[in-house]
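# Results of the structural survey
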Amino acid sequence: MRLQAVEPRRLYRQIADQIRSLIGKGEVAPGERLPAERDLARRLGVSRPSLREAVIALEVEGLLDVRVGSGIYVTQPGERAGGAVLADASGPFEVIRARWMIEGECAALAARHATAAQLRAIRKAHADLLREAKRHHNPLDADRAFHVAIAQATGNSALELVVQTLWDQRVGPLYRALEVKLEYPAMARETTGEHAAVLAAILAREPAAARAAMRRHMDMTKKRYSKDWKEAGK
């Protein structure tokens, strides 16, 4: 008898399976709108971030259509051919939580151990980020370079690799699909101030302040990604 190991599925995938089952049973027909995000989360007994990850996953797969300011709709069968098949990847809010823990410590270590050359590299990465932010409101490459420069300044190559891996998740299909719904003009201004606070604490050689500034940046990122769909569309 050949058996495969049973692996626990991520919560947002379990939620997505429940919604998919409801659609498959005809309880929500193609073209119909699902209950509001807040109500759906309450009925399923899950957090809104976990529900949001599930909804985004189903949208990427082509089963749902999230219309900002209107609601979440079941797509017509003929509209689903272009959907992507997703692996059981980490959800955006999982990634943010991991970054909160790991990058907060990276910032503290950078403030404590960075060499003069590494501080210059962080400062340059920040200047590049500011320049790119003036060109478009989501400068991912420059943002990544700033965070990786901080990880490099820890003196721990394993931490640098972890941060790079988290950023690979950061640009995955779930994350990018969620950002399309939530990007708004104030984002660039908010994140610019948050990055500047991290930089200032590192340059001042204040580990506790650097950790707090990076964690606040992650907290604010989660808050932005948790905004109501209607708010995001304003």
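Residues numbered from 1 in each chain as written. Predicted model: local features only at pLDDT ≥ 70, side-chain atom pairs only at ≥ 80, totals over all residues. Heavy atoms only, no water.

One way to put it is that helix α2 (residues 37–44) packs onto helix α3 (residues 48–60) with a least axis distance of 9 Å and a crossing angle of 105 degrees. One element, α2, and the other, α3, form an angle in the roughly perpendicular class. Contacts between α2 and α3 pair Glu37, Arg38, Leu40, Ala41 and Leu44 from the former with Arg48, Leu51 and Arg52 from the latter. Looking at the contact of α2 with α3 residue by residue, the class counts come to 4 nonpolar, no polar and 4 charged. (Axes fitted to C-alpha atoms, helices over the stretch in contact; angles between N-to-C directions. Helix = DSSP H or I, 4+ residues; strand = E, 2+ residues; numbered from the N terminus. Parallel < 35°, antiparallel > 145°, perpendicular 65-115°, else oblique. Contact = heavy atoms within 4.5 Å. Nonpolar A, V, L, I, M, F, W, Y, C, P; charged D, E, K, R; others polar.)

What follows is about the nonpolar core. Counting 34 residues, the largest nonpolar core has Ile19, Leu34, Leu51, Leu64 and Tyr225 as its most contacted members. Looking at this core, the elements with two or more residues in it are α1 (11–24), α2, α3, β1 (64–67), β2 (71–74), α4 (92–113), α8 (173–182) and α10 (207–225). Per-element accounting of this core gives the leading share, 7 residues, to α3. Setting aside its immediate chain neighbours within four residues, Leu51 contacts Ile15, Ile19, Glu37, Leu40, Ala41, Leu44 and Val46. Counting 26 residues, the second-largest nonpolar core is a separate cluster that includes Cys106, Ala142, Phe146 and Val163. (Core = buried A, V, L, I, M, F, W, Y, C linked by side-chain atoms within 4.5 Å. Buried < 20%, exposed > 50% of the residue type's maximum accessible area, 1.4 Å probe, protein only.)

Glancing now at the pattern of salt bridges. Under the criterion given, the structure shown has 14 salt bridges. Between Asp17 and Arg20 there is a salt bridge whose closest N-O contact spans 2.6 Å. One end of the pair, Asp17, and the other, Arg20, are both in helix α1, 3 residues apart, so they sit about a helical turn from each other. By relative accessible area, Asp17 is classed as partly exposed at 30%. A salt bridge links Arg42 to Asp39; the nearest nitrogen and oxygen atoms lie 3.7 Å apart. Linking Arg42 with Asp39, this pair stays in helix α2, spanning 3 residues, or about one helical turn. Among the residues examined, Asp39 registers a relative accessible area of 30% and is labelled partly exposed. Connected through salt bridges with shared partners, the residues Arg13, Asp17, Arg20 and Glu61 form a single ionic network. (Salt bridge = Lys/Arg side-chain N within 4 Å of Asp/Glu carboxyl O.)

Turning our eyes to something else, we now look at the packing of α4 against helix α6 (residues 140–152). Where α4 meets α6, the closest approach of the two axes is 8 Å, and the angle between their N-to-C directions is 60 degrees. Here α6 runs oblique to α4, going by the angle between their axes. When the axes of α4 and α6 are compared, the crossing they make is left-handed. Contacts between α4 and α6 pair Arg99, Glu103, Cys106, Ala107 and Ala110 from the former with His147, Ile150 and Ala151 from the latter. Of the residues assigned to the contact of α4 with α6, the class counts are 5 nonpolar, 1 polar and 2 charged. (Left-handed = near helix turned anticlockwise from the far one by under 90°.)

This brings us to α10. Note on helix geometry: an α-helix contains 3.6 residues per turn, so any two residues three or four positions apart are oriented the same way. The terminal C-alpha atoms of α10, which comprises 19 residues, lie 27 Å apart, in line with the 27 Å expected from a rise of 1.5 Å per residue. Within the span of α10, buried status applies to Pro207, Ala210, Ala213, Met214, Arg215, His217, Met218, Thr221, Arg224 and Tyr225. (Expected span 1.5 Å × (residues − 1).)

To continue, consider the environment of Glu190. Mapped onto the secondary structure, Glu190 falls in helix α9 (residues 186–203). Sequence-wise, Glu190 and Thr221 are 31 residues apart; in three dimensions their C-alpha atoms are separated by 9.5 Å.

On average, residues of the protein score 86 in pLDDT, and 85% of them are at 70 or above. Element-level mean pLDDT values for the protein span from 55 in helix α11 (residues 229–232) up to 96 in α4. (pLDDT = per-residue confidence, 0-100.)

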